[in-house]
Amino acid sequence: KMARSANLQFEDMNGDSMKRPYKKFIQRIDEMERILRYLAEEMKRTPDPKGPDGSVMYDAVIRERFDDFLANDHGTLDNMEQVILKIYKDFQQFQTNNESLLDAKHKCIEEKWVVTAATMYSRGAKQAVMSDAAEEGTSLMGGGADDGPQFSSIAGTIVQSDQERFARTIFRATRGNTFTHFQPITDHLYDVRTHERVQKSVFVVYYQGGVTSNMRDKVQRICSAFGANIYPWPTGAAATQQRARELDDLIADKAQALKAYDRFVSTEMQAMIKQARPGANSQIEEWRMFCLKEKAIYATLNLFEGDTTLRADCWYPLEEEERIRRILVDLRGSDNMSGMLLTDNRATEASKVMPPTYFKPNDIVLPAQWLVNTYGIPRYQEANPAIFAVVTFPFIFGIMFGDVGHGLCLMLGGLWLMANADELKFTTNENLKVFLIFRYMIAMMGFFALYAGLMYSEVVGVGVMLFDSSWKEPADLDPKAETWTLTNSGSIYPFGLDPAWHGATNELLFVNSMKMKIAVLFGVTQMLLGLALRFGNALYFRNWIDFFCECIPMTIFMICFFGYMDWMIMYKWVTPMKEPPSIINTLIGMGLGLEEKHPLYDGQSGVQSTLMVLTAISVPWILIPKPLILWWQHNSAQAHRYQELALDNELDPLGAAEMGGFGGGAGPGKVAAEEFELGEIVIHQLIETIEYVLGTVSHTASYLRTWALSLAHQQLSLVFLQKILLSQFGLPIGINGIAIYIGFALFANVTAGILLGMDVLECFLHTLRLHWVEFQSKFFKADGHVFVPLSMRSVLEADQR
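Notes on the structure in this doc start here. (Residues numbered from 1 in each chain as written. Predicted model: local features only at pLDDT ≥ 70, side-chain atom pairs only at ≥ 80, totals over all residues. Heavy atoms only, no water.)

### Points about the overall build of the chain
Here is step 1 of the chain: The secondary structure content of the chain amounts to 27 helices and ten strands.
Here is step 2 of the chain: Per-residue burial over the chain gives 40% buried out of 801 residues.
Here is step 3 of the chain: A separation of at least 24 residues holds for 78% of the contacts in the chain among residues at least 6 apart in sequence. (Helix = DSSP H or I, 4+ residues; strand = E, 2+ residues; numbered from the N terminus. Buried < 20%, exposed > 50% of the residue type's maximum accessible area, 1.4 Å probe, protein only. Contact = heavy atoms within 4.5 Å.)

Here is the structure:
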């Protein structure tokens, strides 16, 4: 009940002693799981008479009814074990009988082939063998006399691939005093040893001597070595016919017995795949879930210490403390058990153990949380980047994938998954399960791609005129002119990019410049958001050293250089200029301290000099103060320990002498309780400083991938449209209809496979990289550990995955 109604993560109290008092119960459950796996394998080999062709019993098993399973009681481990063991013993007994019947049936079939071969040369067999031996020059000791020697025979079946070696071995072992004849069997027979169907032959070996002769023993040993099956060789026509009728009756009887076994197996498996209750899992799935639940319980009990009274440390959400106490009160007295919850926050603080991080994501946040956890688990109470990634991830994806047509397809796919989530949650398709979990993110990715496509005025790579363009054609336009210049009417296009730029000779020059600047603007904005979260972490944990020695100088460095760059981009956009200066040249001159010859605004040189000084000051500010302050704090703490130890020596000199005084020793009175290496701290801070300063430059450039992927997507869409579909319209009438039909089908498949498949994955991975490296590196430590409570539903769901 506790595992169903509350969230508790238990610590291992027996980690040092490795004492596991409940391992015998886990071993019993392991045996039950082995039996269930055996039954499942049998189901996979048994055809389903009620299912479609080619289906097996295992396909009809109903699974993943977790809520119904957890809401019902399933008895004790002993009772469930008895039920499963009884079914297993019955199956084993019937399977043993079935194997015996199958063995006997196939031996009867083989013997019938031997009888059939004997019938073929029952007349004059001895004379035929003797004549064959004479023609081949075979020495059959004393042949040729009227009262010649009598011959005996050994017959059976052998695999055809071994018959040549078998014949040579007998010939050499008997020194040519035998004659071996083979008769191929046309049908493939079942080999009881290998359980496979093989091609066999009937053989008969004639030799001189009786049934007790040494020659017979030698031939029998060779037959055993080759795995041949030996059967009696009929000597007369009447005996042959009588034995054939007997074998037919035996084969029919064995076949009836085998059909009875198949009916038994089918009946038992039908009972196991039947639902345990209305709306429940199949019976065999209920048993399997019961084993998983019981194993989780006993594995958790192994973490407790004590024999009669069990105790374990545990973590739990603070908001669930009262619920846990109520559950313990309700359970008190049931089954002669009682429990209590004792809390000690001081012990947790003194141990300096980092608590686990507890996530409660809903269906919208869950995909983003998965992506963040793949990189690293947030620390306890650290700012969780998944909350922001819910919006920033699909937004940045939309910038890369911006297109109205493609974004609409992606959004409709996400909406379809959202609408059919209840029907698809029980699917067995693993890929579809992943898409189902990401359904909200897919819909948002499609929405932002649609929005960015409207901003770019692009539908499948083609510009769309939603409003009247602000660029007008000249009145005296020559219809034969290949190029012409448009003039701006002075109006502003209401929304997004003016479609007149699409198809212009300077389209790439203008659009690339615009998208490049948009990429830098959003990139610096997201990195500033990461720094803001770094401020939040420092304030929340009251880490004033990080606040004053890292957060503030890092922000100054980012704003004074890259924030200023973004400001200049927006200033140029809103300020009309005849000859606007290059922002890149301006930043280079700012870094080198050069005088600005073409200022963007009045007083630009003075402002840039001040910003560059602040940028330069921020670098040693990040590097130097923090190690010195940590060193000073360590020395102060050490001095305080010396004072406390000196006071203890004055109060109890005998005890101090026993502990080794100030002189060291390894006892509890040792002063150097914590190691502090100033060199390691300085090297670590130097690496942090270099990584941040150089990383900020590279990260800003890294956001240009949004521009590059957006350009690649637009150009790829346009090439596919022009080369595959639009080119068919120029063909002669009569042919172009068929060509357009084929071209459209090809265009649709290429769009779905490349643009909606490969390009979506490419943009997804680049967006993931921007979040993992460029955004999260500004504040995210990623060294926490996730809260894993004992939850029966989680145990069952994890096993399904």
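### Section: empty space enclosed by the protein
Here is step 1 of the chain: Inspection of the entire model under this criterion finds two cavities of 30 Å³ or more.
Here is step 2 of the chain: What the largest cavity holds in volume is close to 50 Å³.
Here is step 3 of the chain: Of all the secondary-structure elements, those providing two or more residues to the lining of the largest cavity are helix 12 (366-375), helix 13 (385-401) and helix 26 (736-775).
Here is step 4 of the chain: Here the element with the most residues in the lining of the largest cavity is helix 26; it accounts for four residues.
Here is step 5 of the chain: Residues that form the lining of the largest cavity fall into these classes: nine nonpolar, two polar and no charged.
Here is step 6 of the chain: Surrounding the second largest cavity, Ile-399, Tyr-456, Lys-515, Ile-518, Ala-519, Thr-706 and Trp-707 form its lining. (1 Å grid on protein atoms, 1.4 Å probe; cavity = no way out; pocket = protein on both sides within 12 Å on 5 of 7 lines; lining within 4 Å. Points joined across faces, edges and corners; volume = space filled by probe spheres on them. Nonpolar A, V, L, I, M, F, W, Y, C, P; charged D, E, K, R; others polar.)

### Remarks on the packing of aromatic side chains
Here is step 1 of the chain: Throughout the structure, instances matching the rule amount to 33 aromatic pairs.
Here is step 2 of the chain: Ring geometry for Trp-370 against Phe-438: centres 6.4 Å apart, planes inclined by 65°, an arrangement best described as edge-to-face. Of this pair, Trp-370 sits in helix 12 while Phe-438 sits in the loop between helix 16 (430-437) and helix 17 (439-456), placing them 68 residues apart in sequence.
Here is step 3 of the chain: Look at Phe-547 and Phe-548: their rings are 4.9 Å apart centre to centre, the planes differ by 80°, and that puts the pair in the edge-to-face class.
Here is step 4 of the chain: Residue Phe-547 is classed as buried on the basis of its relative accessible area of 15%. (Phe/Tyr/Trp six-rings, centres within 6.5 Å; stacked < 30°, edge-to-face > 60°.)

### Focus on the side chain of Thr-157
Here is step 1 of the chain: Relative to the helices and strands, Thr-157 is located in strand 2 (residues 151-159).
Here is step 2 of the chain: Here the side chain of Thr-157 touches Glu-110 through a polar contact of 2.9 Å, side chain to side chain.
Here is step 3 of the chain: Ignoring any residue separated from it by four or fewer positions in sequence, one finds Thr-157 in contact with Glu-110, Val-114, Ile-185, Lys-200, Ser-201, Val-202, Phe-203, Ala-228, Asn-229 and Tyr-231. (Polar contact = N/O pair within 3.5 Å; in protein donor to acceptor, adjacent residues only side chain to side chain.)

### Section: the side chain of Thr-427
Here is step 1 of the chain: Looking at where Thr-427 falls in the secondary structure, it is placed in the loop between helix 15 (421-424) and helix 16.
Here is step 2 of the chain: Within the local environment of Thr-427, its side chain forms a polar contact with the backbone nitrogen of Asn-429, the two atoms lying 3.2 Å apart.
Here is step 3 of the chain: When residues no more than four places from it in sequence are discounted, the contact partners of Thr-427 are Glu-64, Leu-432 and Lys-433.

### Examining unusual backbone geometry
Here is step 1 of the chain: Non-glycine residue Glu-64 carries a positive phi angle of around 65°.
Here is step 2 of the chain: Positionally, Glu-64 belongs in the loop between helix 2 (23-45) and helix 3 (66-70).
Here is step 3 of the chain: Overall, the relative accessible area of 12% leaves Glu-64 in the buried class.

### Regarding the environment of Lys-274
Here is step 1 of the chain: Mapped onto the elements of the fold, Lys-274 is located in the loop between helix 8 (237-273) and helix 9 (283-301).
Here is step 2 of the chain: Taking the relative accessible area as the measure of exposure, Lys-274 reaches 58% and is therefore exposed.
Here is step 3 of the chain: For the pair Lys-274 and Ala-60, spaced 214 residues apart in the sequence, the C-alpha separation amounts to 8.9 Å.
Here is step 4 of the chain: Here Lys-274 is in contact with Asn-281, Ser-282 and Gln-283, once residues within four sequence places are set aside.

### Looking at the packing of helix 18 (residues 507-540) against helix 24 (residues 678-702)
Here is step 1 of the chain: Direction vectors running N to C along helix 18 and helix 24 enclose 145°, while the axes themselves pass 9 Å from each other. Across from Val-520, Val-524, Met-527 and Leu-531 in helix 18, the residues of helix 24 making contact are Tyr-692, Thr-696, His-699 and Thr-700.
Here is step 2 of the chain: Of the residues contributing to the contact of helix 18 with helix 24, the split by class is five nonpolar, three polar and no charged. (Axes fitted to C-alpha atoms, helices over the stretch in contact; angles between N-to-C directions.)

### What to know about the sheet that holds strand 4 (residues 196-208)
Here is step 1 of the chain: In space, the four strands of this open sheet follow the order 3-4-2-5, with antiparallel pairing throughout. Pairing within the sheet leaves two strands with one partner each, and these edge strands are strand 3 (178-191) and strand 5 (229-231). The mean angle between the axes of side-by-side strands here comes to 25°, regardless of whether they run parallel or antiparallel.
Here is step 2 of the chain: Note: strand 2 against strand 5, three bridges, orientation antiparallel. (Pairing = 2+ DSSP bridges.)

Without other data, these values stay purely geometric and don't point to any function.
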